[in-house]
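As a plain string of letters, each chain reads:
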Amino acid sequence: MADSPTDTQYFASFDGTRIAWRELGAGRPVVLIHGYFSNTEVNWLKYGHAAAVAARGFRVIMPDLRGHGASDRPHDPVAYPPDALMRDGLALIAHLGLTDYDLGGYSLGGRTTMRMLVNGARPGRVVLAGMGLTGILQTSGRGEYFRNILTNLGSFERGTNEWMTEAFLKTTRGDPVALLNVLGTFVDTPLEALAAIDVPVAVVTGAEDDDNGSGADLAAALPQAVFREVPGGHMSAVAKPELGQAIAEFLGADRPA
C-alpha cells in the first residue's frame with residue numbers, strides 16, 4: 001500500500017473542465033467526494049480519514065469538485081449546469097475504468113453521491129456522510145445559506161455560523177465566484193428515488209449535525225441503510241478520527257483487515 005497520497009492527477013470531464021484527483025492506498029477502489037468550500041486535502045487527508053480507509057485494503061480515489069481545490073474554477077456560469085458535479089463524478093469513474101468499486105462523500109459530496117446513484121452509478125457500497133434527508137430532498141435551503149455568505153463576505157458577527165463558514169472558506173482558499181456558481185448545480189432528489197436505491201448504505205453524521213436535516217431520517221428512507229452517529233457538528237466532525245473510523249469499518253466489513 002502506498003503510504004502517502006499520489007501527486008495530483010487531472011482529466012477532462014464531460015465539457016472539458018479539468019478535474020483533479022489524488023489517490024491513497026491500494027486494493028478495492030472507493031471514490032470519496034469532499035464537501036462544499038472544502039477539498040481533498042482538508043476533508044480526507046488532513047485528519048486521517050483516507051488513511052483509515054486505505055488501511056482496510058482500499059485504493060482511495062479523491063476528486064476535487066469543480067470550482068474547488070486543484071480542479072478548474074471557471075467564473076462563467078455556463079460551466080455550472082444542473083447536476084454538473086454528478087456528471088463529473090460519473091466521468092471520473094469512466095475515465096478510470098471502474099466497474100467494481102464503492103462510493104461516498106461528505107456533505108455536498110454525499111449529495112453528489114446520491115445524484116450519481118439515481119443517475120446510473122452502481123457501486124457495491126455507499127457512504128453518505130454529513131448529510132440528512134432534507135439536504136437531499138430540498139437543496140434550496142442550504143443553497144440560500146451559502147449564497148448569503150458568498151454575497152456578503154466580511155459582514156458577519158464573529159462567532160456566528162456564517163462567520164465560521166466564511167473563516168473556513170479562507171482556510172481552504174476558496175474562490176467565491178466559482179463557489180457561487182456551484183450553487184446552480186444543485187438538484188433535488190425525490191423521496192421515491194431514494195426508495196429505489198438497492199445497495200448497502202451507511203449514513204454517518206455528527207451527533208450535533210442537523211445542517212442538512214436528520215441523518216437518521218435519511219437512513220430510514222433508504223431500503224438497505226444503517227445509521228452511524230459520530231461526535232461533533234457539521235464542521236467539527238471532519239476533524240475527529242471517529243468519522244474516518246466509521247467509514248472504514250462500514251466499507252471494510254466482511255473484508256480482510
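Residues numbered from 1 in each chain as written. Predicted model: local features only at pLDDT ≥ 70, side-chain atom pairs only at ≥ 80, totals over all residues. Heavy atoms only, no water.

**Q** How should I be thinking about the nonpolar core in this particular structure?
**A** Nonpolar side chains in soluble globular proteins tend to end up buried together. The biggest cluster of nonpolar side chains holds 33 residues, and the ones touching the most others in it are Val 31 and Tyr 36. Every element with two or more residues in this core is listed here: strand 2 (18-24), strand 3 (28-33), helix 3 (84-96), helix 4 (108-117), helix 6 (140-150) and helix 8 (176-182). Among the elements that line this core, the one with the most residues is helix 3, at 5 residues. Once you skip the residues sitting within four places of it in the chain, Tyr 36 turns out to touch His 68, Leu 108, Phe 146, Leu 150, Phe 168, Leu 179, Leu 180, Val 182 and Leu 183. Among the nonpolar cores identified, the runner-up in size contains 25 residues, and Val 53, Ala 54, Tyr 106 and Leu 251 belong to it. (Core = buried A, V, L, I, M, F, W, Y, C linked by side-chain atoms within 4.5 Å. Buried < 20%, exposed > 50% of the residue type's maximum accessible area, 1.4 Å probe, protein only. Helix = DSSP H or I, 4+ residues; strand = E, 2+ residues; numbered from the N terminus. Contact = heavy atoms within 4.5 Å.)

**Q** Sorry, what's going on with the pairing of strand 8 (residues 225-230) here?
**A** Consecutive residues of a regular strand have side chains that alternate between opposite faces of the sheet. Pairing between strand 7 (residues 201-206) and strand 8: 6 bridges, direction parallel. Directly across from Ala 202, in strand 8, lies its bridge partner Val 226. In this fold, strand 7 hands off to helix 10 (residues 215-220), which returns the chain to strand 8; that crossover is right-handed. (Pairing = 2+ DSSP bridges. Right-handed = clockwise from strand over helix to strand, strands pointing away.)

**Q** What's the story with helix 11 (residues 241-252) in this structure? I'm lost.
**A** Side chains of residues three or four places apart in an α-helix project in the same direction, reflecting 3.6 residues per turn. Its 12 residues give helix 11 an end-to-end C-alpha distance of 16 Å, which sits within 8% of 16 Å, the value for a rise of 1.5 Å per residue. When helix 11 is considered as a whole, its buried residues turn out to be Leu 243, Gly 244, Ala 246, Ile 247, Ala 248, Phe 250, Leu 251 and Gly 252. Positive backbone phi, at 65 degrees, marks Asp 254, one or two positions downstream of helix 11. (Expected span 1.5 Å × (residues − 1).)

**Q** Any chance you could explain the packing of aromatic side chains here in plain terms?
**A** Aromatic rings in a pair are described by how distant their centres are and how their planes are angled relative to each other. One pass over the full model with this rule turns up 6 aromatic pairs. Judged by centre distance (4.7 Å) and plane angle (45 degrees), the ring pair of Tyr 36 and Phe 37 falls under tilted. Judged by its relative accessible area of 7%, Tyr 36 falls in the buried class. Where Tyr 36 meets Phe 186, the ring centres are 6.2 Å apart and the plane angle is 75 degrees; that geometry is what we call edge-to-face. Separated by 150 residues along the polypeptide, Tyr 36 in the loop between strand 3 and helix 1 (40-45) and Phe 186 in the loop between helix 8 and helix 9 (191-195) bring together distant segments of the chain. This pair shows no difference in class: Tyr 36 is buried, exactly as Phe 186 is. (Phe/Tyr/Trp six-rings, centres within 6.5 Å; stacked < 30°, edge-to-face > 60°.)

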